[in-house]
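Analysis of the macromolecular model
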Amino acid sequence: MAGRKDPYGTYRDIRDDFRAEIREFLGTRRAKVTPEQAGLPTYGGERRRVTGLRREEVALLAGISSEYYTRLERGNATGVSESVIEGIAQALQLDEAERIHLLHLLRGAGTTRPPRRRPAQQRVRPAVQRVLDSMSGTPAFVLSGRGDILATNDLGRALYSPVYADPVRPPNNARFVFLDPQATEFFRDWDQVAGDCVAMLRAEAGRDLYDRRLTDLIGELSTRSEEFRHRWAAHNVRIHTTGVKLLHHPVVGDLDLPFETFPVGDDPSQVLLTYTAEPSSPTQDALNLLASWSAANDDIERSTPADDSEPADSTETPD
């Protein structure tokens, strides 16, 4: 059977990670639904040891045996029918994002393919970049599933200048949100942004738990951020395609920016993110000012000659 090495150098079934994800995801979903919410009578009063549903209660609501549901929650996902999945989704009151996430996990638990090598850096087609550049009055970005900013236009780069201050390329929204102290000032609704960010990473991990770039990012954030670890353990997933982002830009101040996201071509891992402002609003005025500031800074950079000479007091010695 295909396998991979664990940290101790021994081989194990590559499906173990998906089985663990299924167990933890379904367990956290059960804990969110009370018998009262599910329309079940409660017995035992204060002697009840769980706040949410028991496994046998989920099985009852889903119309399957308790033994079968227990095996499924433990990751034994071979041959699960669509009707069983729908029954469990209804019993646990899963939303669309959670249902899709469960399907991805169940599919992953049934695979035997070995993990891929680190994928090549994602690229944005030149035609897509031209579309971004044509949106001169709209900050626009192309994002990967893990939150990398793969491409942007001038106004988008100006808007996200605090994110671009990180020398790591490509810039990454999740890394900025959890590791950069400026993030809590830049995102006025930081708590909401942080929750959405983790929920989208969790959904992306369900699609491909063996994406090396994604697992490396999750490992870095888990190691360096207590906030991320706490939110990651909740196993929340979310489809986040529209809303309003509340920003505080260091140059132009507060902006209330409605946003929309769209898939890019036939690549499910890339989305186009656009911000717009209400006409004649303070946010529109701020965007106009930001565009002028961006153009002025570009002119300064283009007019400043490059100085490749060594400093006069350099103490470096040649190799």
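Quick look at the sheet that holds strand β4 (residues 149-152) now. Here 5 strands make up an open sheet; going across it, the order is β4-β3-β7-β6-β5 and the pairing antiparallel. Strands with a single pairing partner mark the edges of an open sheet, and in this sheet they are β4 and β5 (242-249). Across the sheet, the mean angle from the axis of one strand to that of its neighbour is 30°, orientation sign disregarded. In this structure, strand β3 (residues 140-144) lies alongside β4, joined through 3 bridges in antiparallel fashion. Counterpart to L143 in the pairing with β4 is I149. Against the sheet, helix α7 (residues 126-134) engages β3, β4, β6 (253-264) and β7 (267-275), with an angle of about 55° to β4.

Ranked by internal contacts, the top residues of the largest apolar core, which has 73 residues, are I88, Y160, F178 and F187. The element contributing the most residues to this core is helix α12 (residues 190-207), with 8 residues. For Y160, the contacting residues outside a window of four places in its chain are F141, I149, N173, F186, F187, L247 and Y275. The next biggest cluster of nonpolar side chains, apart from the first, holds 8 residues, and it includes V128, L132, A140 and A151.

Across 5 bridges, the pairing between β3 and β7 is antiparallel. By the bridge assignment, F141 is partnered in β7 with L273. Where β6 and β7 come together, 6 bridges link them in antiparallel fashion. Bridge pairing in β7 links P263 to V271. In textbook terms, the turn of a hairpin is the stretch between consecutive antiparallel strands, and for β6 and β7 this stretch comprises 2 residues, one of which, G265, has a positive phi near 55°.

In this section: the environment of V131. By secondary structure assignment, the location of V131 is in helix α7. As for V131 and N153, which are separated by 22 residues in sequence, their C-alpha atoms are 9.0 Å apart.

Quick look at the environment of S222 now. Looking at the element boundaries, S222 is found in helix α13 (residues 212-224). Measuring from C-alpha to C-alpha, the distance between S222 and W232 comes to 8.2 Å, with 10 residues separating the pair along the chain. With residues up to four places along the chain from it excluded, the contact list for S222 reads F228 and R229.

For the coordinates displayed, the defined rule picks out 16 salt bridges. Salt-bridge contacts for R54 lead to E57; the nearest nitrogen and oxygen are separated by 3.8 Å. Judged by relative accessible area, E57 falls into the buried class, the value being 10%. Note that D191 is salt-bridged to R231, the shortest N-O span being 2.6 Å. Of this pair, D191 sits in helix α12 while R231 is found in helix α14 (residues 226-232), placing the two residues 40 residues apart along the sequence. Look at D191 and you get exposed, because its relative accessible area is 52%. One network of salt bridges, with partners in common, ties together R30, R55 and E73.

If you want to describe how two helices pack, look at the angle between their axes and the distance between the axes. Running from N to C, helix α5 (residues 82-91) and helix α6 (residues 96-109) point in directions that differ by 135°, and their axes come no closer than 11 Å. When the axis of α5 is compared with that of α6, the two are oblique. Handedness of the α5/α6 crossing: right-handed. Of the residues in α6, those in contact with E82, I85, E86, I88 and A89 of α5 are R99, L102, L103 and L106. Per-class residue counts for the contact of α5 with α6 are 6 nonpolar, no polar and 3 charged.

Parameters at a glance
Residues numbered from 1 in each chain as written. Predicted model: local features only at pLDDT ≥ 70, side-chain atom pairs only at ≥ 80, totals over all residues. Heavy atoms only, no water. Pairing = 2+ DSSP bridges. Helix = DSSP H or I, 4+ residues; strand = E, 2+ residues; numbered from the N terminus. Axes fitted to C-alpha atoms, helices over the stretch in contact; angles between N-to-C directions. Contact = heavy atoms within 4.5 Å. Core = buried A, V, L, I, M, F, W, Y, C linked by side-chain atoms within 4.5 Å. Buried < 20%, exposed > 50% of the residue type's maximum accessible area, 1.4 Å probe, protein only. Salt bridge = Lys/Arg side-chain N within 4 Å of Asp/Glu carboxyl O. Parallel < 35°, antiparallel > 145°, perpendicular 65-115°, else oblique. Left-handed = near helix turned anticlockwise from the far one by under 90°. Nonpolar A, V, L, I, M, F, W, Y, C, P; charged D, E, K, R; others polar.

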